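Here are the chains, one letter per residue:
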Amino acid sequence: MKRVISANQAVSYAVLAAKAQVIAAYPITPQSSIVEMLSGFCATGALHAKFINVESEHSAMAACMSASVAGARTFTATSSQGLALMHEVLHYASGLRLPIVMANVNRALASPFNLKADLTDSLSQRDTGWLQFYCESGQEVFDTIIQAYKIAEQIQLPVMVNLEGFILSHTYEIVDIPEQSQVDLFLPSCPPRECLDIDNPSMFGSTTDYYINFRYKMHEDMERAKGVCGETDAEFKKIFGRDYGLVNTYLCEDADLILATAGTIAGTCRVVADRARARGLKVGVLRIRMARPFPVKQICERLRTAKKVAVIDRDFSPGCGGIFAQEVKAALQGLASHVLVYEFIAGLGGKDVTDKDIEKIIEQTLNTPNPGDSTWIGLLK
Amino acid sequence: MKKKYSLKSLDTLPITAISFLTTEGNETGEWRSQRPILDPEKCNRCGLCWMYCPDNAVQEEGGLFHISYTYCKGCGICAKECPKGAIVIEKEER
């Protein structure tokens, strides 16, 4: 059924459809409405899940971890400082190989205090062993949460689904919520895995000198996840008629200049690419949907024929630059062809990235023979 | 479940570190630098030492209490809690 809902509500409906069994969460703007709605579903009995109110995000993830190690399908949602507070437990959850799904509503990290969109919160959790998706619409958010459970339970690693604060979280658009029978077909109940069993007592995450081996197995499964995510996306399309890819491309085939970004900035990029094409400039758009594991092969395939790539980052690693720009540069190392990568930092703290900004980015990239330091868009003079 | 795993190869290693031992297999008596000695003559069998021991190292059999030196870490809580002074702490000699 088609509904006009916010992307936060899309998350809640997706978790309802996925039949999560344990939800533990702590409120934080702009995430709160997700778990508010879910606690309503639990209260009315629409969702047969245990909703655990906790005193912090650290506890929320600890509760999800415990429920998951006992075999439950679990969910939590957070944002920014809340995600940062979870940091320690994020490593635990992935190390224990628990298929937890979390929605993170991207919000700038303090200080200074800012409630609006910025991807640095989740990108600073890159190395925690969680798969990461970045969405562009309410529909994609719904679909990715459903896909996330299937992927997580197959790979046995947790998945973080990211959506930008306010730009997505509080924006109402049409979302097609499929029939429960279709969701059940795609996502059956959690497949059996090694869990706590009171008849066979065991300890998960015990001290071991075999640490490097467990890390290697995680690495192998992260690599395997690239294929599994692709297959899951294809299977999803068969049932629901929609797919997204690990990366999503627009007019890239013959493009001289490709705008590469993640999240909602891609939509504006496509509009500007159309305008540039009308002026005879061959511009394409690459949206990176999956950041962990990083789809190096798919990115190289799309970028290999371009002359220049402008990476637009709504995130920033102080002392280094745009985070996606660094990842893209590293990915391109394996290519024989020399693609020039230009870095742009834009939209930090929810600042709008307008069509004019992107036109400026195209102009500067085309007119600059060699990439220099990152260029910051929309600073004071 | 237990038998399918081994530490011999990556293939037989589970995906996360799982120990099928309970803490019974974790013998902590070696940690001890002081040793509680329980005098059964003074003991009134109230069970406070048994209740307070953080490691279940005080064990009860037929209403009598004794200290398991396989697990006792020598923290001294039992001696502190004993209302009859039936437990004294001595230096551990090894």
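Residues numbered from 1 in each chain as written. Chains lettered and ligands numbered in written order. Predicted model: local features only at pLDDT ≥ 70, side-chain atom pairs only at ≥ 80, totals over all residues.

Considerations on the overall build of chain A
Scanning chain A from N- to C-terminus turns up 12 helices and 16 strands. For 381 residues, the compact-globule estimate of 2.2 N^0.38 gives 21 Å, and the C-alpha radius of gyration of chain A, at 21 Å, lies within 12% of that figure. Each of the three principal axes of chain A carries a C-alpha extent, and together these read 70 × 50 × 45 Å. Residues counted as buried form 50% of the 381 residues belonging to chain A. Taking the contacts inside chain A whose residues are at least 6 apart along the sequence as the reference set, 80% of them involve residues at least 24 apart. (Helix = DSSP H or I, 4+ residues; strand = E, 2+ residues; numbered from the N terminus. Rg over C-alpha atoms; globule rule 2.2 N^0.38 Å. Buried ≥ 20, exposed ≤ 12 C-beta atoms within 10 Å, placed from the backbone. Contact = placed C-beta atoms within 7 Å.)

Topic: the packing of helix 1 (residues 7-17) of chain A against helix 6 (residues 138-155) of chain A
Think of two packed helices as two axes; the pair is described by the angle between the axes and how far apart they sit. Residues and elements named next belong to chain A. Between helix 1 and helix 6, the least distance of the axes is 8 Å, while the angle of their chain directions is 25 degrees. Relative to helix 6, helix 1 is oriented roughly parallel. The chirality of how helix 1 crosses helix 6 is right-handed. In contact with Ala-7, Ala-10, Val-11, Tyr-13, Ala-14, Val-15 and Ala-17 of helix 1, helix 6 contributes Gly-138, Val-141, Phe-142, Ile-145 and Ile-146. Broken down by class, the residue content of the contact of helix 1 with helix 6 amounts to 11 nonpolar, 1 polar and no charged. (Axes fitted to C-alpha atoms, helices over the stretch in contact; angles between N-to-C directions. Parallel < 35°, antiparallel > 145°, perpendicular 65-115°, else oblique. Left-handed = near helix turned anticlockwise from the far one by under 90°. Nonpolar A, V, L, I, M, F, W, Y, C, P; charged D, E, K, R; others polar.)

Quick look at the interface of chain B and chain A
Between chain B and chain A, the residue contacts involve 12 residues of the former and 18 residues of the latter. In the side of chain B that touches chain A, the residues fall into 9 nonpolar, 3 polar and no charged. The sheet contact formed by strand 9 (residues 203-204) of chain A and strand 1 (residues 18-19) of chain B spans 2 bridges and is antiparallel. Among the inter-strand pairings, A:Phe204 is bridged to a residue of strand 1 of chain B, identified as B:Ile18. (Pairing = 2+ DSSP bridges.)

Notes on the nonpolar core
Nonpolar side chains in soluble globular proteins tend to be buried together. The biggest cluster of nonpolar side chains holds 118 residues, and the ones touching the most others in it are A:Ile145, A:Val161 and A:Ile258. At 9 residues, the largest contribution of residues to this core is made by helix 6 of chain A. Two domains share this core, each providing at least three of its residues, namely domain 1 (2-189 + 210-240) and domain 2 (247-376) of chain A. Leave out the neighbours within four places in its chain, and A:Val161 touches A:Val101, A:Ala103, A:Phe133, A:Cys135, A:Val141, A:Thr144, A:Ile145 and A:Ala148. Listed in part, the 12 residues of the second largest apolar core include B:Cys49, B:Ile67, B:Tyr71 and B:Cys82. (Core = buried A, V, L, I, M, F, W, Y, C linked by C-beta atoms within 7 Å. Domains from an automatic or database assignment.)

Here we look at helix 10 (residues 296-303) of chain A
All names here are of chain A. Listed in full, the buried residues belonging to helix 10 are Gln-298, Ile-299, Arg-302 and Leu-303. Down the axis, helix 10 shows its buried residues gathered within 120 degrees of arc, on one side only. Where helix 10 is buried, its residues meet strand 10 (247-250), strand 11 (257-261), strand 12 (283-288), strand 14 (308-313) and helix 11 (323-332). (Arc of directions from axis to C-beta.)

Overview of unusual backbone geometry
Here the amide bond leading from A:Ser111 into A:Pro112 is cis, since omega sits at 0 degrees, within 30 degrees of zero. Within the secondary structure, A:Pro112 sits in the loop between strand 5 (101-106) and helix 5 (120-123). With omega at -10 degrees, the peptide bond leading from A:Arg292 into A:Pro293 counts as cis. Here A:Pro293 is to be found in the loop between strand 13 (290-292) and helix 10. Here B:Arg45, not a glycine, exhibits a phi torsion of approximately 60 degrees, which is positive. Structurally, the position occupied by B:Arg45 is in the loop between strand 2 (34-38) and helix 1 (48-52). By the C-beta count within 10 Å, which is 12 here, B:Arg45 ends up exposed.

Details of the sheet that holds strand 2 (residues 22-25) of chain A
Residues and elements named next belong to chain A. Spatial ordering of the open sheet is given by 3-2-4-5-7-6-13, a layout of 7 strands whose pairing is mixed. Each of the sheet's edge strands pairs with one partner strand only, and the pair in question is strand 3 (50-53) and strand 13. Each neighbouring strand pair of the sheet contributes to a mean axis angle of 20 degrees, computed without reference to strand direction. Bridge count for strand 6 (residues 131-134) against strand 13 is 2 bridges, and the pairing is antiparallel. Counted as the bridge partner of Phe-133 is Met-290 from strand 13. Together, strand 2, strand 3 and strand 4 (74-78) form the strand contacts of helix 3 (residues 57-69), whose direction differs from that of strand 4 by roughly 165 degrees.

Considering the sheet that holds strand 12 of chain A
Residues and elements named next belong to chain A. Ordered in space as 10-12-11-14-15-16, the 6 strands form an open sheet in which the pairing is mixed. Across the chains shown, the open sheet's two edge strands, defined by having one partner strand only, are strand 10 and strand 16 (375-376). Pairing of strand 15 (residues 340-345) with strand 16 involves 2 bridges; the strand directions are parallel. Each residue of the ladder has a partner; that of Ile-345, found in strand 16, is Trp-376. Relative to the sheet, helix 9 (residues 265-278) contacts strand 10, strand 11, strand 12 and strand 14, its axis offset from that of strand 12 by approximately 170 degrees.

Details of the packing of helix 10 of chain A against helix 11 of chain A
Residue and element names in this part refer to chain A. Here helix 10 crosses helix 11 at 80 degrees, and the two axes come no closer than 9 Å. Taken together, the axis directions place helix 10 and helix 11 in an arrangement best described as roughly perpendicular. From helix 10, Val-296, Ile-299, Cys-300 and Leu-303 reach across to helix 11, where they touch Val-328, Ala-331 and Leu-332. Class assignment for the residues of the contact of helix 10 with helix 11 results in 7 nonpolar, no polar and no charged.

What about the environment of B:Ala17?
Topologically, B:Ala17 is positioned in the segment before strand 1. With 19 C-beta atoms packed within 10 Å, B:Ala17 lands in the partly exposed category. Dropping the residues within four chain positions of it, B:Ala17 is found in contact with A:Gly205, A:Ser206, A:Thr208 and A:Phe214.

Section: the environment of A:Val141
All names here are of chain A. The topology assignment puts Val-141 in helix 6. Judged by local crowding, Val-141 falls into the buried class, with 27 C-beta atoms found within 10 Å. Placed 86 residues apart in sequence, Val-141 and Gly-227 show a C-alpha to C-alpha distance of 20 Å. Leave out the neighbours within four places in its chain, and Val-141 touches Ala-7, Ala-10, Val-11, Cys-135, Val-161, Leu-163 and Leu-168.

Focus on the confidence of the model for chain B
With 97% of its residues at a pLDDT of at least 70, chain B reaches an overall mean of 92. Here the complex is predicted with pTM 0.90, and the ipTM for its interfaces comes to 0.82. (pLDDT = per-residue confidence, 0-100.)

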